[in-house]
Each structure stands twice: as structure tokens, then as C-alpha cells.
Amino acid sequence: MSKKFKTPTNPFPTTGYYGPEYFCDREQESKKIIQLLQNGQSCLLMGNRRLGKTALIYHIRELLPKDWRYIYLDILPTENEQQFLDSLAAALLQNFSEEDTIGKKVWGFVKSLRPIISFDQLSGLPQVSFQTSQTEKPIRDILSFLAALEKPTVIAIDEFQQIHTYPEQNTDAWLRSAIQQLQNVFFLFSGSRQTLLTEMFTDPSRPFYKSASPIKLEKITKEEYKSFIINTFSSHGKTLGEELAEQVLEWTKCHTYYVQVLCNNLFQVPKMNYEQEDWHTCANNILKENETFFLYYRTLLSTQQWKLLVAIAKTGSAYAPTSKDFIAKNQLGSAATVFKSIDSLLDKELIFKEYDKNGSLYYEVYDVFFERWIQRTY
Ligand SMILES: Nc1ncnc2c1ncn2[C@@H]1O[C@H](COP(=O)(O)OP(=O)(O)O)[C@@H](O)[C@H]1O
Ligand SMILES: [Mg+2]
């Protein structure tokens, strides 16, 4: 199935995937994932939000053999097994055209399960709704159906940790057993909640133990992103010097989404040769546009939590937020309070924790623009 992409209105898109031309690097990661899938192994793609997991999943589809089937579903909005089933069946219909032979088979099969099929008013995409609590059987049937197709199928399930929140107790157990028996169907699981996912896939007592090869998505390297940015501007007749590109990457901390947003804004400036002032203006505007959200976040936090967040933002990478020094310097009260605030900020995804090359733990504000705004304002 050949796929044509729409041309984005701006060569630095900030949502969606527009084909390899607008996609920077990820060569190693793509290669590794393709190789695993082609060897019949499932993968687990993990990484912080907005680093580019979803875009990479779409990119991989382009690199797999053309006759492979590829089904993508994002289960973040699902709250229970029935919605998971709806989402899986909808993904099937969305990925197969009712026009061709194989597509007809798929549609016929989904219809035979007797769900309600409707079409989204805005996107025109098929939606599926099963009015049943008996979800295991239809899900197993769908998977077996795909396994019986002549060509391999990859099912990419984005934000997979979501099944963890379902009220049903043993979703992962029967899902694992359904998946395990399949031939010709491989899975690409992905998600941002790394602690949850790591537990699901590395705890020997859990059903998904060792069922997928983990791949951790890191930031795109400065060098790769720098050439990409410079070349993209230049292919549109615009000049952004090396030094400015470096400053842009520095300010956005090379975090994919934030780099894209700043470059997107910069691209809109009607100029052929950029100066430092141009990206400064864009960055300022971005922070201003987001200020209402940032002020709102603040209302969601207790004074202690807010003080800790400001302290972490000002530190950049906070290695020892519960240490005497850090607490004294930022007047955070007791270590116990700080521990509690850390948990709460992690839970709200306002900060993330990560290990550096030497294995030391540190904390950072999750949203780069929010961090920059705090650094400037407080
Ligand atoms: N390799 C890339 N090159 C250029 N832009 C990218 C790349 N990866 C992601 N993006 C952009 O960044 C945005 C955020 O990425 P996304 O895939 O949604 O992140 P995640 O799924 O990890 O939260 C995407 O909408 C896309 O526009
Ligand atoms: Mg995503």
C-alpha cells in the first residue's frame, strides 16, 4: 500500500508525521526496531513525552517491507477492556481500505463480530463500538484473524501502560497469553510512563515479563539536529547560522517537540537571514502564549510543591533535592516534605527523574518551556 503524505504548512511540524523528509535522524533506533520486528520479536519503545515516540512509530511503518500490514492504536484515551477492543477494531478498519480484496476481508470480519460502526464527523475515520463486557473472545478472534493473513502484521500500541489503569484485574495476563500464541503478528509497544512499563516488562512475576525487547528513546544528538535545522531552513532559501542553531538547541534543551515549536515559529518570521534577536523574539512569544497555562499549573500545586518546582527549574538538573544544602538554599522545609512533593510532582508529570551516564539520579522539569518561564520569572 503506497502512502502519500500531506505537505505540512511549515517544514517544522509540531504535531503528526509528514514523511521522512520532515523527520530528523532516528536512524539507529529505526534500524534496531525494524531488525527486531523482521526477526519476529516484539519491541518496547520507551521515552519521555514529546521526544518523538509516536512519530518514530509512524516512521517505522514507512521502512518496513511494503507488503507488511501495520496497525497503529493509541490507547491513552481508553479506560477499560471494552474501549481497548473498540480501539483495536477501529484501528483495523482505519488501516485497511474497504476497496481492496484484503481490506474487504478485514471489514467483513470486523462486521461479523457485530459492533456498531460509525464514522467520525470531522475526520471521516471509522469508529467501532462493541456493547459487550465479553471482550477477551473478540480480541483473541481479531488477533487470530490477523495471524492467519498471508503477510506479517505489526500492531503498534502506543501509551501501552494505560492497560494498567483498567478496572479489570487480569487484562495483561490474558492479553499476554493471546499474544504469545500468535505467529505472523508482532507488537511494537510504546509509552512514556517508564517506571510502569519497566515494571510490566521486567518483573518476573508479571505476564509481560521479557516479552519485548526494550528500546529507550533518547534525545536526538545536537549534531544531527543542528544539520537538520540548518538544511531545512536552507532548502527553503533561508539562512540560519550554525551558532544560532546551537543557541536554539541549547534553549530548547534539544527536546524534540520544543525544538520543533521554536523552529516552526522562527520559520514564520519573514526573513532570509536570521539574527539572534529573531529567535529571542520567538522564544519570548512562545513563553507569553503559554503563560496562562503555567499560571494555572501553579494553582494546582501546594506552596511546598511549587517552591520545589521552582528550585528544580532554577537548578536545571537537580541531583540531590533532598540534601541539606539544596533544602537550605531553597528554603524547602524538611526532607520529608520534599520527598512528598517530589512524588506528587512526578505523579503530575511536572518533573521527571532520570539517571545520567554515571548512574546518578537527577530530576528535571518535564516541560522545557515551563522551565524556561520559571527561570525567567522567579
Ligand atoms: N525525528 C523527528 N524529527 C522531526 N520532528 C519530530 C521527530 N520526532 C518527533 N517530532 C515532532 O515532535 C512532536 C512530538 O513527538 P511525538 O512523536 O508526539 O512524541 P511522543 O510520542 O514521544 O510524546 C511530533 O508531533 C513531531 O512533529
Ligand atoms: Mg506519543
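Numbering of residues starts from 1 in every chain and runs along the sequence as written. Chains carry letters from A onward and ligands carry numbers from 1 onward, assigned in written order. With the structure being a predicted model, the display of local features is reserved for residues of pLDDT at least 70 and the display and counting of side-chain atom pairs for 80 or more, all residues being used for whole-chain, interface and lining totals.

1. Concerning unusual backbone geometry
Inference 1: The phi torsion at Arg-114 lies on the positive side, around 60°, for a residue other than glycine.
Inference 2: Following the sequence through the fold, Arg-114 ends up in the loop between α4 (101-112) and β3 (116-119).
Inference 3: Once C-beta atoms are placed from the backbone, each residue is buried if 20 or more other C-beta atoms lie within 10 Å of its own, exposed if 12 or fewer, and partly exposed for counts between those two. Among the residues examined, Arg-114 registers 11 C-beta atoms within 10 Å and is labelled exposed.
Inference 4: Residue Gln-331 is not a glycine yet carries a positive backbone phi of 50°. Every helix listed is a DSSP run of H or I at least four residues long, and every strand listed is a run of E at least two residues long, numbered separately from the N terminus.

2. Thoughts on the nonpolar core
Inference 1: Only buried Ala, Val, Leu, Ile, Met, Phe, Trp, Tyr and Cys residues enter a nonpolar core, and they are joined through C-beta atoms within 7 Å. Formed by 49 residues in total, the largest nonpolar core has its most connected members in Leu-44, Leu-88, Ala-89, Leu-92 and Leu-188.
Inference 2: Ranked by residues supplied to this core, first place goes to helix α3 (residues 81-95) with 8 residues.
Inference 3: What counts as a contact is two residues whose backbone-derived C-beta atoms lie within 7 Å of each other. Other than its neighbours up to four places away in sequence, Leu-88 contacts Leu-73, Ile-139 and Ile-142.

3. Here we look at the site of ligand 1
Inference 1: Around ligand 1, 19 residues are found, and the nearest of them are Cys-24, Gly-52, Lys-53, Thr-54 and Ala-55.
Inference 2: Where the shell around ligand 1 is concerned, the elements lending two or more residues are α2 (53-63) and α10 (256-268).
Inference 3: Residues belonging to the shell around ligand 1 are distributed by class as follows: 6 nonpolar, 8 polar and 5 charged.
Inference 4: Each of domain 1 (26-216) and domain 2 (223-293) accounts for three or more of the residues forming the shell around ligand 1. As a rule, any residue with its backbone-derived C-beta atom within 6 Å of a molecule or strand is reported as near that molecule or strand. Residues were grouped as follows: Ala, Val, Leu, Ile, Met, Phe, Trp, Tyr, Cys and Pro as nonpolar; Asp, Glu, Lys and Arg as charged; and all remaining residues, including Gly, as polar. An automatic or database domain assignment supplies the start and end points of every domain.

4. Quick look at the environment of Ala-148
Inference 1: Relative to the elements of secondary structure, Ala-148 occurs in the loop between α5 (136-147) and β5 (153-158).
Inference 2: Distance from Ala-148 to Asn-184, taken between C-alpha atoms, is 7.7 Å for residues 36 residues apart in sequence.

5. Re the packing of helix α12 (residues 303-315) against helix α14 (residues 335-347)
Inference 1: Helix axes are fitted to C-alpha atoms over the stretch in contact, other axes to C-alpha atoms as well, and angles between N-to-C directions run from 0 to 180 degrees. Contact pair α12 / α14: the axes reach a minimum separation of 9 Å and the direction vectors enclose 80°. On the basis of their axis angle, the class for α12 and α14 is roughly perpendicular. For the pair formed by α12 and α14, the contact residues are Gln-304, Gln-305, Leu-308 and Leu-309 on the first element and Thr-337, Val-338, Ser-341, Ser-344 and Leu-345 on the second.
Inference 2: Here the contact of α12 with α14 is built from residues that sort into 4 nonpolar, 5 polar and no charged. In these notes the angle categories are as follows: under 35 degrees is roughly parallel, over 145 is roughly antiparallel, 65 to 115 is roughly perpendicular, and the rest is oblique.

6. Digging into α10
Inference 1: Helix span is expected to be 1.5 Å times the residue number reduced by one. When the terminal C-alpha atoms of α10 are compared, their 18 Å separation across 13 residues agrees well with the 18 Å that a helix rising 1.5 Å per residue should span.
Inference 2: The buried fraction of α10 amounts to 10 of the 13 residues, a majority that puts the element mostly inside the structure.
Inference 3: Among the residues of α10, Thr-256, Tyr-258, Val-259, Gln-260, Val-261, Leu-262, Cys-263, Asn-265, Leu-266 and Phe-267 are the ones counted as buried.
Inference 4: The elements touched by buried residues of α10 are α8 (222-235), α9 (242-251), α11 (276-299) and α15 (368-377).

7. A word on the domain arrangement of the protein
Inference 1: Each assigned domain of the protein is listed with its residue range as follows: domain 1 (26-216), domain 2 (223-293) and domain 3 (300-377).
Inference 2: Relative to domain 3, the C-alpha centre of domain 2 lies at a distance of 27 Å.
Inference 3: With 9 residues of domain 2 at the interface, the matching set in domain 3 holds 4 residues.
Inference 4: Ranked by residue count, the leading element in the side of domain 2 that touches domain 3 is α11, at 4 residues.
Inference 5: Split into classes, the residues belonging to the side of domain 2 that touches domain 3 amount to 4 nonpolar, 3 polar and 2 charged.

8. Details of the environment of Ser-87
Inference 1: Relative to the assigned elements, Ser-87 resides in helix α3.
Inference 2: Taking the C-alpha atoms as reference, Ser-87 lies 8.0 Å from Gln-127; in sequence the two are 40 residues apart.
Inference 3: Beyond its immediate chain neighbours, meaning those up to four positions away, Ser-87 contacts Leu-73, Ile-75 and Thr-78.

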